[in-house]
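Examination of the molecular architecture
Here are the chains, one letter per residue:
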Amino acid sequence: MSFIINKQLNADAQEGSAGETGETAAKTNVPGEMMETTETAPTAEVAVESTPVVDIEIKAPVSETVVTAHDDFDWSVDKRNVTSYTSEEKEKYDVVYDNTFKQINDGEMIMATIESLTKTDAVVNIGFKSDGLISLNEFRDIPGGVKVGDVLEVMVVEKEDREGNLHLSRKSARTTRAWERIVDVHKTGEIVTGLVTSKTKGGLIVDVFGMETFLPGSQIDVKPVTDYDQFVGKTMEFKVVKINEAIKNAVVSHKALIESDIEAQRAEIMGKLEKGQVLEGTIKNITDFGAFLDLGGLDGLLYITDISWGRINHPTEVLKMDQKLNVVVLDFDDDKKRISLGLKQLTPHPWDTLTESLKEGEIVKGKVVNIEDYGAFLEIMPGVEGLVHVSEITWANTPINAKEFFKLNDEYEAKVVTLDKDTRKMSLSIKQMTEDPWSTIETSFPEGSKHMGVVKNITPYGVFVELTTGIGGMIHISDLSWLKRFNNPNEYTKVGNEIEVIIMNIDKEGRKLQLGHKQIEEDPWNSLESTFPVGSEHEGTVVKKDDKGAIVQLPYGLEGFAPARHLAKEDGKSVGIDEIAKFMVIEFDRNDKRIVLSHARLWEQVIEEEKQAVIKEKKAEFEVTKKAVKNLQSKVEKSTLGDIGALADLKAKMDSDAGAAAEAASDEPKSE
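As the structure is a computational prediction, the values presented were derived from the model and not from experiment. (Residues numbered from 1 in each chain as written. Predicted model: local features only at pLDDT ≥ 70, side-chain atom pairs only at ≥ 80, totals over all residues. Heavy atoms only, no water.)

So, the pairing of strand 6 (residues 191-200)
Here strand 6 runs beside strand 9 (residues 235-244); their pairing, made up of five bridges, is antiparallel. Residue pairing for strand 9: Ile191 is matched across the bridge by Lys239. Looking at chain direction, strand 6 and strand 7 (residues 203-208) are connected through five bridges and run antiparallel. Considered in strand 7, the bridge of Lys199 is made with Leu204. Hairpin connection from strand 6 to strand 7: two residues lie between these consecutive antiparallel strands, with Gly202 at a positive phi of about 85 degrees. (Pairing = 2+ DSSP bridges. Helix = DSSP H or I, 4+ residues; strand = E, 2+ residues; numbered from the N terminus.)

Now the structure itself:
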């Protein structure tokens, strides 16, 4: 700037010397001499006053020629030959001079020239009073790096920072321009190209126009993506789907481009779809209920029941991922863009290809593919099934649970009972594979015969016992034991246990057997009456107790009942459960097979016996006194006054003894 100022001063001096009249002209330098300049002059713009004469100090010539900024000065002009400018020329030069000064503002975008490079920074000239420095890190995106003379756009961050330096930034300029372009393409929907630079939580970072944008993992592809690393370093096309003006953040999507292409393909395919049309598809996903196929931009659902004529538990039994196969269009919905596909429909129905040899009465072999409460389905061949009803499992009338009898994938032989090819139904029988055992039941299991059986089922009223395959009967709860009463048969036996039974009755038409268990032995109650007579005492154990009384276990496996009030002890307490005590039989009913016991009667009887002994003794004494009185009366013929007094005393004593005996008799407890 000092060079410009000095040059202007010389020009003004020349102009002043040309117009000078009567005044001393300005002195000029001779060739070879140079003007002394002050290098420390301020760099700010200097306003030069229009003085008529400018004195310029002339230094002595130096012996050494130095190239200075004044070499282009016209040294031929001196006070003897003064050059003058017209007003038009002066205005022109003023404009040229003013244009050398550039006004800039913070945040302004401006073109800059790289003047020089250091190890860490680039010196940038924007035509301002001073140059700026920009870190070389901000030019890393330029292939080959930045070079001297390159012209780039930068942003004025600060015209003058704390240290008085010009603060410029190419990164800020690049980010600002990138954001402006991103906003534009978001409005127009234009497709942009970006470089995937790194992976972050939930997605990828993409460089678009030099600005970092976010690509969510869900927006990478229409298919789920688990490996994000495979996209790092790739250049891809994107669509700006969301921007945030406040924080200058943008979200891009590659999936949106794929979906738009798929939508176009989908519309084309949907326009050509027809029911019954066969298409080729690729399995893209398998679920429990079926498989989704990619039909070339359009997805279709192959439901599990349309995969095979036979039953399958899961589509993976037949299909696998990325498998290509032909399918038929069963139905489609233009509005919902849904297509139902079928695979089994490409082959004939197995019922239509059944051989003529399959007919009623034939023996077939099948695999259990489904089990219901009412029976099981056997698959004779893929797509051809028959039902084995629970009534066709066994000849016995014993209730059978099909889910306990059958297991999936087990194989059975069965006889075809009914066959209807029109309705595609078949009923099978397992029990008819053997002869009906009830046809010879009288000879195999006559009444009164004893057999061993297996407990198959227990109900509150009885036990179902299987004697052989297809033959079984029930033991009523009352026929389990002579001596014990059960609330439920499971107190006596369990399912799977063996039990000995006797055939009591045969109902051939109803296919029922009445069985007994206690009847194997004689009724012990016939002999128990002499063992447990009323009044006999026995030791027993209380095994069960409630408010009404207690069940007492007696010898020989017999049980008796003791009412609650008959459990009282002499000390006022009651006989407890599991306690062993003596009991008296107070009732024995052979018909009802009932024994009533009492513990209280034992100690009450002892007290009663003691009272009776006292009464008996007093009665005996009374009888002796009475007899003595009678003897005395029979001997005395004539009473004297003294005899009368003795008789009165004797009579009073007799009355007293009689009163005591009556009182003792009134205290005697009544018998039960």
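Having seen the model, we can carry on.
Describing the environment of Gly516
By the secondary structure assignment, Gly516 is in strand 25 (residues 512-516). Of the residues examined, Gly516 reaches a relative accessible area of 0% and is grouped as buried. As a C-alpha pair, Gly516 and Ile503 span 13 residues in sequence and 6.7 Å in three-dimensional space. Non-local contacts of Gly516, meaning those with residues more than four positions away in its chain, are made with Ile475, Asp479, Glu500, Val501, Ile502 and Met504. (Buried < 20%, exposed > 50% of the residue type's maximum accessible area, 1.4 Å probe, protein only. Contact = heavy atoms within 4.5 Å.)

Observations concerning the sheet that holds strand 16 (residues 363-372)
Read around the closed barrel, the five strands follow the order 16-17-18-20-19; overall the barrel is mixed. Taking the axes of each pair of neighbouring strands and ignoring which way they run, one obtains an average angle of 50 degrees across the sheet. Bridge count between strand 19 (residues 411-420) and strand 20 (residues 425-429): five bridges; the pairing is antiparallel. Counted as the bridge partner of Asp420 is Lys425 from strand 20. (Axes fitted to C-alpha atoms, helices over the stretch in contact; angles between N-to-C directions.)

Brief notes about the packing of aromatic side chains
In the structure shown here, the tally under the stated rule is five aromatic pairs. Note on Phe405 and Phe406: the rings are 4.9 Å apart at their centroids and 80 degrees apart in plane angle, and the pair reads as edge-to-face. Taking the ring centre of Tyr93 as reference, the NZ or CZ of Lys92 above it sits at 5.1 Å. The positively charged end of Arg311 is found above the aromatic ring belonging to Phe377, 5.5 Å away from the centroid. (Phe/Tyr/Trp six-rings, centres within 6.5 Å; stacked < 30°, edge-to-face > 60°. Lys NZ or Arg CZ within 6 Å of the ring centre and 35° of its normal.)

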